[in-house]
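Spelled out, the chains give:
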Amino acid sequence: MIRVSGIHKRFGTNEVLRGIDLEVRKGAVTALIGPSGSGKSTLLRCLNLLEVPDRGQLELDGPPIRFEPGRRLDSRQVLAIRRSTGMVFQNFQLFPHRTALGNVMEGLVVVLGWTPETARARASELLGKVGLAEKADSYPAMLSGGQQQRVAIARALAASPKLLLCDEPTSALDPELAAEVVEVLGALAGEGTTMLIATHDLRLADRMAHHVAFLQDGVVVEEGSPDRLFRQAADPRTIRFVRTLA
Ligand code: ADP
Ligand code: MG
């Protein structure tokens, strides 16, 4: 359903992604693991076009969009990809001057042009879903990190994206608060939300993912089921990396 082919991305002379091929199955959780600096965040950012890949192709349940140096992007396709993806960041990135409800409503009203009433109903529904109905009127500063991240998840889901991208969603949180975020992500997974989660938490990947891809130096070195990756890896680089889980 979601197919990433030959994605390249460089920053100056630093070639961060060197030809990424990856398929993300609809309704499943795919975990992206790999050492710090391997390009996980850059790949997620390329998938919702926060960064524009230099080369390669993205297929997100629609016609493929191709990237080549010098090629102009079709703005309708760019918009379609942005709307098909929702992003959850390590540091939540909520709007500090908006309430929890306001944060979830914002994109619906400002970007998608929903009426405030319709957006408010949708935002309330989503805050309920992440267990924060009673925090609708709280500002981010009044919320715990775990609560802020749950608001961020609700916000990312607001426009019903086809793919939820999560970049180290639990890394900024104490274990107790991370657990409540994992619980929400697990419930979403149970409902068949298509997710791509970059994480250095190998236990989380092992427990939650249906498919795991191991990224190193800007390429997918190996991918497969959690069992395959964590217990029967073939590539010595994967074996070395996942040893930390044992
Ligand atoms: P990971 O998420 O796996 O830790 P990143 O994708 O954040 O890896 O980073 C991969 C490499 O890309 C790093 O060397 C990082 O410094 C570089 N990088 C990421 N974003 C930028 C940017 N906007 N400008 C320059 N270099 C960047
Ligand atoms: Mg990262």
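Residues numbered from 1 in each chain as written. Chains lettered and ligands numbered in written order. Predicted model: local features only at pLDDT ≥ 70, side-chain atom pairs only at ≥ 80, totals over all residues.

An unreviewed UniProt entry lists the chain under the name Amino acid ABC transporter ATP-binding protein, PAAT family, with Aureimonas jatrophae as the source organism. According to the UniProt record, the Subcellular location (unreviewed entry) comment for the chain is "Cell membrane". (UniProt positions renumbered as here; feature names shortened; annotations may be inferred.)

Residues and numbers for the packing of helix α5 (residues 145–157) against helix α6 (residues 175–190), please.
It is at 8 Å that the axes of α5 and α6 come closest, and there the two elements cross at 20°. Between α5 and α6, the angle is such that the two are roughly parallel. For α5 against α6, the interelement crossing comes out right-handed. Counted together, Gly145, Gly146, Gln149, Arg150 and Ile153 of α5 and Leu177, Glu180, Val181 and Val184 of α6 form the full contact between these two elements. (Axes fitted to C-alpha atoms, helices over the stretch in contact; angles between N-to-C directions. Helix = DSSP H or I, 4+ residues; strand = E, 2+ residues; numbered from the N terminus. Parallel < 35°, antiparallel > 145°, perpendicular 65-115°, else oblique. Left-handed = near helix turned anticlockwise from the far one by under 90°. Contact = placed C-beta atoms within 7 Å.)

Tell me about the pairing of strand β4 (residues 55–60), and please be specific about residues and values.
Because side chains alternate across β4, one face comprises the buried residues Gly56, Leu58 and Leu60, and the other comprises Arg55, Gln57 and Glu59, none of which is buried. Pairing between strand β1 (residues 2–11) and β4: five bridges, direction antiparallel. When the sheet's bridge partners are listed, Val4 is paired in β4 with Leu58. The antiparallel pairing of β4 with strand β5 (residues 65–67) creates a hairpin that spans four residues between the two strands, and Asp61 there sits at a positive phi of about 60°. (Buried ≥ 20, exposed ≤ 12 C-beta atoms within 10 Å, placed from the backbone. Pairing = 2+ DSSP bridges.)

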